[in-house]
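The lines below spell out each chain.
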Amino acid sequence: MARELTRTQRLHEELIDAIDGIVWETDASFRFTFVSKQAERLLGYPIEKWMNEPDFWLSHLYPDDRDWAPAFCMKAATECRPHEFEYRMLAADGSTVWLRDIVTVISENGVFRQLRGIMVDVTAQRQAREELEHSVSLLRATLDSTADGVIVLTQDWRVTAFNGRFQELWNIPQPLMEARDGKVLSAIMLPQIVNREHIQERTQLLLSTPEMEGMDVLELVDGRIIERYSRPQRLGDTIVGRVWSYRDVTAERRAQAESERLLREAREAVRVRDDFLSIASHELKTPLTPLKLHLQVLKRHQASEQPIPGQHTEKALAQVARLSGLINDLLDTSRIQAGRLELRQEPVSLRELTHEVLTDLRTDSPHHTLVYEEPSKPLVIQGDRSRLAQVLVNLLENALKYSPTGGTIRVHVEREGEQAHVSVADSGIGIPPDQKALLFERFFRARNAPISGFGGLGLGLYICRDIVERHGGRIWVESEVGKGSTFHFTLPGLENEVAEASPADTEATQPETAPHPR
């Protein structure tokens, strides 16, 4: 029996020593009464040291664990319940070893007498866990710091990762994000997309072909533009999900659109400049040729002491006036651009001013019919008489220029509330609809008005708009190609008008209200 007991004890000891952990036993004061040989291998201290030092465990605990670990163990022991916990001990070589301690409480009548357990070295697992936690933390920091919204979904639409930018872009409440249901999130996102049907089709295509990558542009109802990128998520050679990233490119797209607009405007400015140079060279040269011819005729008559024909002088002066008008338009345009076009403010009888302009133009165009409808009551405005006359002359000359021979020009002046309304209508070539908005810009000429047939630098209406607007009014046009144009402008009237009692008014009223051959 003794030999059998010895053999059994030896087998028992060999079994305990083969366990990959420290088998131990302590009394109620935490003094070791048994320690397996693995203790020396794991921590480097002799077994005798474990057994002989009453506070060996307490004194070799890692400093940060010396308070909580004994307290935790004592509390569980006094409650007579088994427990396990992880803590650190200092090894003989100064290194730190993480141990998982699995403890059984031996008690009598509800009072613990002994502790038995096994300490397992979990240092490698703890390091691996810390490295994993570090990697996850780094990944989370990277996701949260990126400007793109990122979400990762499994193939069954389960959310495995997302960042705050994704939640911010789509304005999704935190509880819904934490639910991690991709289909619920999709139901929130789709109503925010303008081109949702196209995006749904693209999404289904990407989901049905897991290996496919894709990029789509999402137009949101709030005006934002989002670029969506999608790539498969792989685990080794297996596709386990899909990564979706969303980038707000609204600012970039708007900047690009603005850049393209500026480029178009620059090209248009170059085109306008080239057109202007072509038109200006033509317009400035056109009166020079007849002027030179008339002056040569006058010079020959003077040299031969012959009588000088009056028509040559008049025609030469007409060409000089034409040159002068072109130069004046250029000067006015320069003043407008520099903000130096001066206006004199005084009460102006619009009925009288219109009558004077029509009278001066009557002899210049005998091949048109003019109809003038004047206001029945005085109509006085505050403004610059000469500049307002310039507006009327320009509109009338345009009407005469673009109307066919024998055509009718209608001038209408009336009061509309507190404003004066003037319109000049012709039966000319009209203006294409897409060019109306540009008609009052510098150097603009309608494309259906060839240079050879209709003179001018394209500055008259630009000058008219500036003069009218600086008087507090507005100017616009109504036109249809082939059916003529009607130019309108309004001006604020004076609250207390000065009564008109001009003999010219009285004289002109009857003739000018009826058609006049011009």
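The present account deals with the structure reproduced in this document. Computed from a prediction, not measured in an experiment: that's the story for all the values here.

## Focus: the overall build of the protein chain
Within the protein chain one finds 17 helices and 18 strands. Taking all 518 residues of the protein chain together, the buried fraction comes to 40%. Sequence separation of 24 or more characterises 55% of the internal contacts of the protein chain that already satisfy a separation of 6 or more. Of the roughly 29,300 Å² of accessible surface on the protein chain, 54% is carried by carbon and sulfur atoms.

## What about the pattern of salt bridges?
Under the definition given, this model contains 24 salt bridges. For Glu-265, the salt bridge identified is with Arg-261, shortest N-O distance 2.2 Å. Pair noted here: Glu-265 and Arg-261 are both in helix H11 (residues 250–285), with a separation of four residues, about one helical turn. Classification of Arg-261 as partly exposed rests on a relative accessible area of 29%. Across the pair Glu-356 and Arg-385 runs a salt bridge whose closest N-O atoms are separated by 2.9 Å. Residue Glu-356 is located in helix H14 (residues 350–362), and its partner Arg-385 is located in helix H15 (residues 385–402); the two are separated by 29 residues in the primary sequence. With a relative accessible area of 33%, Glu-356 lands in the partly exposed category. Residue classification places Arg-385 among the partly exposed residues on the basis of a relative accessible area of 23%. A single salt-bridge network, built from bridges that share partners, covers Glu-84, Glu-86, Arg-100, Arg-126 and Arg-129.

Definitions and limits used
Residues numbered from 1 in each chain as written. Predicted model: local features only at pLDDT ≥ 70, side-chain atom pairs only at ≥ 80, totals over all residues. Heavy atoms only, no water. Helix = DSSP H or I, 4+ residues; strand = E, 2+ residues; numbered from the N terminus. Buried < 20%, exposed > 50% of the residue type's maximum accessible area, 1.4 Å probe, protein only. Contact = heavy atoms within 4.5 Å. Areas by Shrake-Rupley, 256 points an atom, 1.4 Å probe, with all protein chains shown as cover. Salt bridge = Lys/Arg side-chain N within 4 Å of Asp/Glu carboxyl O.

Note that every value here comes from positions in space, so none of it alone points to a role or purpose.
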